[in-house]
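So the chains spell out like this:
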Amino acid sequence: QVQLVESGGGLVQPGGSLRLSCAASGFTFSSYARSWYRQAPGKERELVAIFPSGGRTNYADSVKDRFTIYRDNAKNTVYLQMNSLKPEDTAVYYCKAVRLRSGAPSIEYWGQGTQVTVSS
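For clarity, every value in this text was computed on a predicted model and none was experimentally measured.

## Some words on the state of the cysteines
Note on terminology: a disulfide is the covalent bond linking the sulfur atoms of two cysteines.
Argument step 1. Overall, the coordinates contain one disulfide when judged by the stated rule.
Argument step 2. Here cysteine 22 is linked by a disulfide to cysteine 95, with a sulfur-sulfur distance of 2.1 Å. In this structure, the disulfide formed by cysteine 22 and cysteine 95 twists by about -80 degrees around the S-S bond and is classed as left-handed. Of this pair, cysteine 22 sits in strand β3 (residues 18-25) while cysteine 95 sits in strand β9 (residues 91-101), and the two are 73 residues apart along the sequence. The two residues cysteine 22 and cysteine 95 agree in class, both being buried.

## Regarding the side chain of serine 21
Argument step 1. With respect to the helices and strands, the residue serine 21 is situated in strand β3.
Argument step 2. Looking at serine 21, the relative accessible area reads 15%, which means it is buried.
Argument step 3. Residues contacting serine 21, with those up to four places away along its chain left out, are Val5, Glu6, Ser7, Trp36, Thr77, Val78 and Tyr79.

## A word on the pairing of strand β1 (residues 3-7)
Argument step 1. A one-sided burial pattern is seen for β1, the buried positions being Leu4 and Glu6 and the unburied ones Gln3, Val5 and Ser7.
Argument step 2. In this sheet, β3 lies alongside β1 in antiparallel orientation, the contact comprising five bridges. Residue pairing in the sheet places glutamine 3 in a bridge with serine 25 of β3.

## Quick notes on the environment of arginine 38
Argument step 1. Its location among the elements puts arginine 38 in strand β4 (residues 33-39).
Argument step 2. You can call arginine 38 buried: its relative accessible area is 6%.
Argument step 3. Spatially, the C-alpha atoms of arginine 38 and glycine 113 are 8.5 Å apart, while their sequence positions differ by 75 residues.
Argument step 4. When neighbours within four sequence positions are excluded, arginine 38 is seen to be in contact with Glu44, Arg45, Glu46, Val48, Ser62, Val63, Phe67, Glu88, Asp89, Ala91, Val92 and Tyr93.
Argument step 5. A polar contact is formed between the side chain of arginine 38 and the side chain of aspartate 89, at a distance of 2.9 Å.

## Examining the environment of methionine 82
Argument step 1. Residue placement: methionine 82 occurs in strand β8 (residues 77-82).
Argument step 2. Considering only alpha carbons, one finds methionine 82 and proline 52, 30 residues apart in sequence, at a separation of 19 Å.
Argument step 3. Apart from residues lying up to four places away in sequence, methionine 82 is in contact with Gly16, Ser17, Leu18, Leu20, Arg66, Phe67, Tyr93 and Val116.

## Digging into the sheet that holds β8
Argument step 1. As summarised here, the arrangement of the four strands in space is β1-β3-β8-β7, forming an open sheet in which the pairing is antiparallel. Only two strands of the sheet have a single partner each, and these edge strands are β1 and β7 (67-72). This sheet shows a mean twist of 15 degrees between the axes of neighbouring strands, independent of strand direction.

Rules of the game
Residues numbered from 1 in each chain as written. Predicted model: local features only at pLDDT ≥ 70, side-chain atom pairs only at ≥ 80, totals over all residues. Heavy atoms only, no water. Disulfide = S-S within 2.5 Å. Helix = DSSP H or I, 4+ residues; strand = E, 2+ residues; numbered from the N terminus. Buried < 20%, exposed > 50% of the residue type's maximum accessible area, 1.4 Å probe, protein only. Contact = heavy atoms within 4.5 Å. Pairing = 2+ DSSP bridges. Polar contact = N/O pair within 3.5 Å; in protein donor to acceptor, adjacent residues only side chain to side chain. Axes fitted to C-alpha atoms, helices over the stretch in contact; angles between N-to-C directions.

Pasting the structure below:
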C-alpha cells in the first residue's frame, strides 16, 4: 500500500524548533522529488522546501536559513528541520512525492498533513 505519513508537528513557542518526518511506504522515496508544503488558514497551499530526485534542494524565501530538508534513504524518510520558528509558520504541513515520467502523467502522492502551531 502506497502511503506517506507525516509526524512531528505540535505547539511550539516563537524561536523554537521542530522536526517533521515523512515516512514513505509502498514505493522507493528516493526515486521521487520529495517536498514539503504548508497551508495556513485562509491561504493557498505553498511550497516550503524541495529535495529533487537529482539536483539541489530549494526553499521558499520565507524559510531560507531557518528550515532544512534532508533525507534518510535507508529509512525511506524525508525530514524538515524547522528552527527559529515564527507565528507566521503556523500551518498544516504536507509531504509530497512526485515522479515525472516522459510521455506519461506524473505520479504524485500526498501525506495527510501535520499541524504546526507557533504561539506563546
